[in-house]
Amino acid sequence: MYTAQDEKRLYEQAKSLIASTPENIEDAVAQLREVINFSDWKYYVQSEPLLSDYEYDTLFKKLKSLEEQYPEQVTEDSPTQRVAMGLSEKFPPVAHLVPMLSLDNTYNAEDLMDFDRKCKELAGTDKIEYCVEPKYDGASISLVYENGRMTRGATRGDGVMGEEITANIRQIKSIPLSANFQKDQVGQVEIRGEVVIHKNVFAAYNEQRIAEGLSPLANPRNAASGTLRILDPKEVAKRKLSAILYHISYYTTADNQRPATLTTHYDSIQYLYSLGFPTPAKEMRKFDNIEGVIQFCDDFEVRRDDLPFEVDGLVIKVNDFDMQDKMGMTTHHPRWAVAYKFKARQATSKLLDVEFQVGRTGAVTPVAKIEPVPIGGVTVRSISLFNEDVIREKDLRIGDTVVVERAGDVIPYIVKSLAELRTGEERPIAFPHSCPACREALEKNEEEAAWRCVNINCPVQVAERIIHYTSKDAMDIRGLGGANVIKFFELGLLKDIPGLYHIDWEAVSKLGGFGDKSITNLKQAIEHSKKQPLSRLIYGLGIRFVGETTAKTLANAVTHIRDFYDWDVEKLSTLEDIGPKVASSVAQFFHNEENRHMLDMLEKEGLNLVNQHKGGEQATGELAGKTFLFTGTLTKMKRSEAEAMAEAKGGSILSGVSSKLNYLVVGEDAGSKLEKAKKLGTVSILTEDEFLNLVNA
Ligand code: IVH
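Calculation notes
Residues numbered from 1 in each chain as written. Predicted model: local features only at pLDDT ≥ 70, side-chain atom pairs only at ≥ 80, totals over all residues. Heavy atoms only, no water. Core = buried A, V, L, I, M, F, W, Y, C linked by side-chain atoms within 4.5 Å. Buried < 20%, exposed > 50% of the residue type's maximum accessible area, 1.4 Å probe, protein only. Helix = DSSP H or I, 4+ residues; strand = E, 2+ residues; numbered from the N terminus. Contact = heavy atoms within 4.5 Å. Pairing = 2+ DSSP bridges. Axes fitted to C-alpha atoms, helices over the stretch in contact; angles between N-to-C directions. Near = heavy atom within 4 Å. Polar contact = N/O pair within 3.5 Å; in protein donor to acceptor, adjacent residues only side chain to side chain. Areas by Shrake-Rupley, 256 points an atom, 1.4 Å probe, with all protein chains shown as cover. Phe/Tyr/Trp six-rings, centres within 6.5 Å; stacked < 30°, edge-to-face > 60°. Salt bridge = Lys/Arg side-chain N within 4 Å of Asp/Glu carboxyl O. Left-handed = near helix turned anticlockwise from the far one by under 90°. Nonpolar A, V, L, I, M, F, W, Y, C, P; charged D, E, K, R; others polar. Disulfide = S-S within 2.5 Å.

A. Highlighting the nonpolar core. If you look at the biggest cluster of nonpolar residues, it comprises 56 residues, and the most contacted ones within it are Tyr469, Ile538 and Ile561. The set of elements that each furnish at least two residues to this core consists of helix 13 (459–470), helix 14 (481–490), helix 15 (505–509), helix 16 (516–529), helix 17 (534–540), helix 18 (548–556), helix 20 (580–591) and helix 21 (593–604). A total of 6 residues in this core trace back to one element, the largest contributor, which is helix 20. Apart from the residues within four sequence positions on either side, Tyr469 is in contact with Ala474, Met475, Asp476, Ile477, Ile497, Leu500, Tyr501, Leu537, Gly540, Leu602 and Leu607. If you look at the next biggest cluster of nonpolar residues, it comprises 35 residues, including Leu17, Leu51, Tyr273 and Val683.

B. Representation of the sheet that holds strand 16 (residues 401–405) within the structure. With respect to topology, 5 strands assemble into an open sheet ordered 14-13-12-16-17, the strand pairing being antiparallel. Sheet topology places strand 14 (378–384) and strand 17 (413–417) at the edges, where each strand pairs with a single neighbour. Neighbour to neighbour, the strand axes of the sheet diverge by 45° on average, direction disregarded. Pairing of strand 13 (residues 364–375) with strand 14 involves 6 bridges; the strand directions are antiparallel. Directly across from Ile375, in strand 14, lies its bridge partner Val378.

C. Summary view of the sheet that holds strand 8 (residues 242–251). Here we have 4 strands laid out as an open sheet, ordered 5-4-7-8, and antiparallel in their pairing. Looking along the sheet, the strands with just one partner apiece sit at the ends: strand 5 (149–155) and strand 8. Strand-to-strand, the axes of this sheet are offset by a mean angle of 25°, without reference to chain direction. As paired strands, strand 7 (residues 188–196) and strand 8 are joined by 8 bridges and run antiparallel to one another. Within the sheet, the bridge partner assigned to Arg192 lies in strand 8 and is His247. Running over the sheet, helix 7 (residues 220–228) touches strand 4 (139–146) and strand 7 and is turned about 45° from strand 4. Relative to the sheet, helix 9 (residues 265–274) contacts strand 7 and strand 8, its axis offset from that of strand 8 by approximately 125°.

D. Layout of the site of the ligand. Close contacts around the ligand come from 15 residues, with Glu133, Pro134, Tyr136, Glu194 and Lys317 the closest. In the environment of the ligand, a nitrogen atom lies 3.0 Å from a nitrogen or oxygen atom belonging to the backbone of Tyr136. Take Ser140: an N or O atom from its side chain is 3.4 Å from an oxygen atom of the ligand. For the ligand, whose free accessible area comes to 530 Å², the fraction covered by protein is 89%. Elements with a contribution of two residues or more to the shell around the ligand: strand 3 (130–136), strand 8 and strand 10 (311–318). Here the shell around the ligand takes 4 residues from strand 3, the largest share from any one element.

E. Inspection of the environment of Asn105 at higher detail. Its place among the elements puts Asn105 in strand 2 (residues 105–106). On the basis of relative accessibility, which here comes to 32%, the residue Asn105 falls in the partly exposed class. As a C-alpha pair, Asn105 and Ala644 span 539 residues in sequence and 52 Å in three-dimensional space. Sequence-distant contacts of Asn105, defined by excluding residues within four places in its chain, comprise Val338, Ala339 and Lys341.

F. View of the packing of aromatic side chains. The full count for this structure, using the stated rule, is 22 aromatic pairs. Measuring from ring centre to ring centre gives 5.1 Å for Phe564 and Phe590, while their planes differ by 25°; the resulting arrangement is stacked. Taken together, the residues Phe564 in the loop between helix 18 and helix 19 (569–573) and Phe590 in helix 20 connect sequence positions 26 residues apart. Neither residue differs from the other here; Phe564 and Phe590 are each classed as buried.

G. Region of interest: the pattern of salt bridges. Overall, the coordinates contain 31 salt bridges when judged by the stated rule. For Arg397, the salt bridge is made with Asp395, and the minimal N-O distance between the two is 3.2 Å. A relative accessible area of 29% places Arg397 in the partly exposed class. The salt bridge involving Arg562 is made with Asp600; its shortest N-O contact spans 3.9 Å. With Arg562 in the loop between helix 18 and helix 19 and Asp600 in helix 21, this residue pair connects regions lying 38 residues apart in the sequence. Each of Asp395, Arg397, Asp400 and Arg422 takes part in salt bridges that share partners, so that together they form one network.

H. Geometry of the packing of helix 22 (residues 639–648) against helix 24 (residues 688–696). Between helix 22 and helix 24, the shortest axis-to-axis distance is 10 Å and the interhelical angle comes to 35°. Relative to helix 24, the crossing made by helix 22 is left-handed. Listed contacts from helix 24 to Ala642, Met645 and Ala646 of helix 22 are Phe691, Leu692 and Val695. Of the residues belonging to the contact of helix 22 with helix 24, the class tally is 6 nonpolar, no polar and no charged.

I. Structural detail: the pairing of strand 5. Counting buried positions over the 7 residues of strand 5 gives 5, a clear majority of the element. Relative to strand 5, strand 4 is paired through 6 bridges, and the arrangement is antiparallel. Within strand 5, the position partnered with Ser142 by the bridge is Ala154. Counting the residues between successive antiparallel strands, the hairpin from strand 4 to strand 5 contains 2 residues, one of them, Asn147, with a positive phi of roughly 45°.

J. Highlighting the environment of Lys238. Its location among the elements puts Lys238 in helix 8 (residues 233–238). Sequence-wise, Lys238 and Thr227 are 11 residues apart; in three dimensions their C-alpha atoms are separated by 9.9 Å.

K. Main features of the state of the cysteines. Going through the model one piece at a time under the given rule, you end up with 0 disulfides. Here Cys438 is not cross-linked by a disulfide; its sulfur's nearest cysteine counterpart is in Cys453, at 3.6 Å. Overall, Cys438 belongs to the partly exposed group, its relative accessible area being 21%. Of the residues examined, Cys453 reaches a relative accessible area of 2% and is grouped as buried.

The structure is reproduced here in structure tokens:
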């Protein structure tokens, strides 16, 4: 584990390595590895980025180039060796050092009392300490470390034999490639855990799949286990998997004994954590009676969605290793552990109808209307079926009884239909041939699952494009909202994106529901959007396949958006992470006369079409280039007002504390952000008054 002093030293070491490289090559390589590993740990295990992407890349490139110049310096556990090398052909079978058993399940307090009774019987004592930790819903893996280096990663397989997936495991940045195990563990250490996908990563991935006309993956669990089996480690790296390790299953000391210092599960998890492994160290709790366990299970279930990844229950483990050994295992599960499963977020319902909706890109999405059913505290009424293929694959029919799942923040989906319950009255779902909004014939591209309306003036598409343009991550026109856009659009008060900048407010005020104050606020929000950076505008244009990251890449490549008029697919493809599909969509957009006309109109309205960081007009204002973050409860102004004040002077707002942050403005009851900023030592900490003085100076 890194101490506060280590953290400070390594942060300074990182800064100094960015500025200059030590002359002695061995020192340079060792120091670079140390800070990169530390930075990975901060980012992937602690979720607290230490360096900016640019700083991290600088260090990584330095290490890579030194290793290229001095190949004898390359080691297997160097962070550069995570970079995927070529394609693996298949995943050979490997025997686990210890069979990977499953867990017995419990569902309620009574089951847990039963478990407690059995444990007491087997252990021959009434005094049992239990550990409780989350049950992660992902794909289980086992890792082998030899002499401190990760030499093998494997899937569970049938529990005895797994598949060797070391190259893919190396792409999971939270898994250390080497670890400083205690001296007496000279040989092999086998560690068990779960590979998971953060819910937000999963959602973004599915969004991208849908944008590309592919069916989304059902849930993060399937996504994690599918990704581990991809044959191209480079692709695996892109999917940003995470891991949690929860069990040491094997270790070799000189006499093949457990190290004397590790006598409990709790300590072993804290120990792994101290070596840099991602473990449930922070979430796990100890109890000396089952009543405490039961209470914790009840409380935790309510908070299950607070974790960044899916958990489907808790695991209760007898803490003491000797006691575990005494209790033993069946062929299926250990007798000293049990899973407490949360209530399933599945239910059955009836498929009443299917509606077809046109989206911003013209894709027609079937939406199932079901008999309303409560799942996990939410009443589910409609569920996207994504595309025609999903309907065919699941053989869905109107009138079917369907199994519906809603996992955490994940959108609800239909798992399957129960064909055995059919009465013969069910009807097949007919996919339309014309656009439900404008009646134009739909078209389908061979490689895509989606049918599309290609009428660029299709009213629903236009309205959806305006909604996307105004959305939070695009031009962030606050207070307008989708419902108002549709209302204005239907009343002819808004026809296209440039139309946002000359809405007839007189007419709006007569609509009812809009007071003077809300109109003033709306006008201000629209005015404010004119200053948004180019990347937000490009994202807001809704070019197919262009998400926020691609929009940033594009914005950084030019000085004025019009520069793209001369770019062809080939030139666009030279940009990082822009493949032929994205490039051709971008080229098509900028070569289209109507789109060019729209950009001219936007420029006339006073929008920012230049990249302010690339030789175009510089951001203006006294605080140009300065970054701000607000924390705690502000008493003199609303947070949104404070942010707007900073932005009005050219400042920009960050979402977290990092070395990129210049000012942290602190209100009442400020917490971890303030601590972090103090620790970094590079951030100016301001009170509200000091902030007001700064912006009013
Ligand atoms: S302990 C002997 N702990 O749940 C060790 N398993 O349904 C047995 N799982 O196969 C496993 N979170 O893949 C353990 N904190 C946790 C877990 C966990 C998820 C998985 C594991 C196991 C499955 C059983």
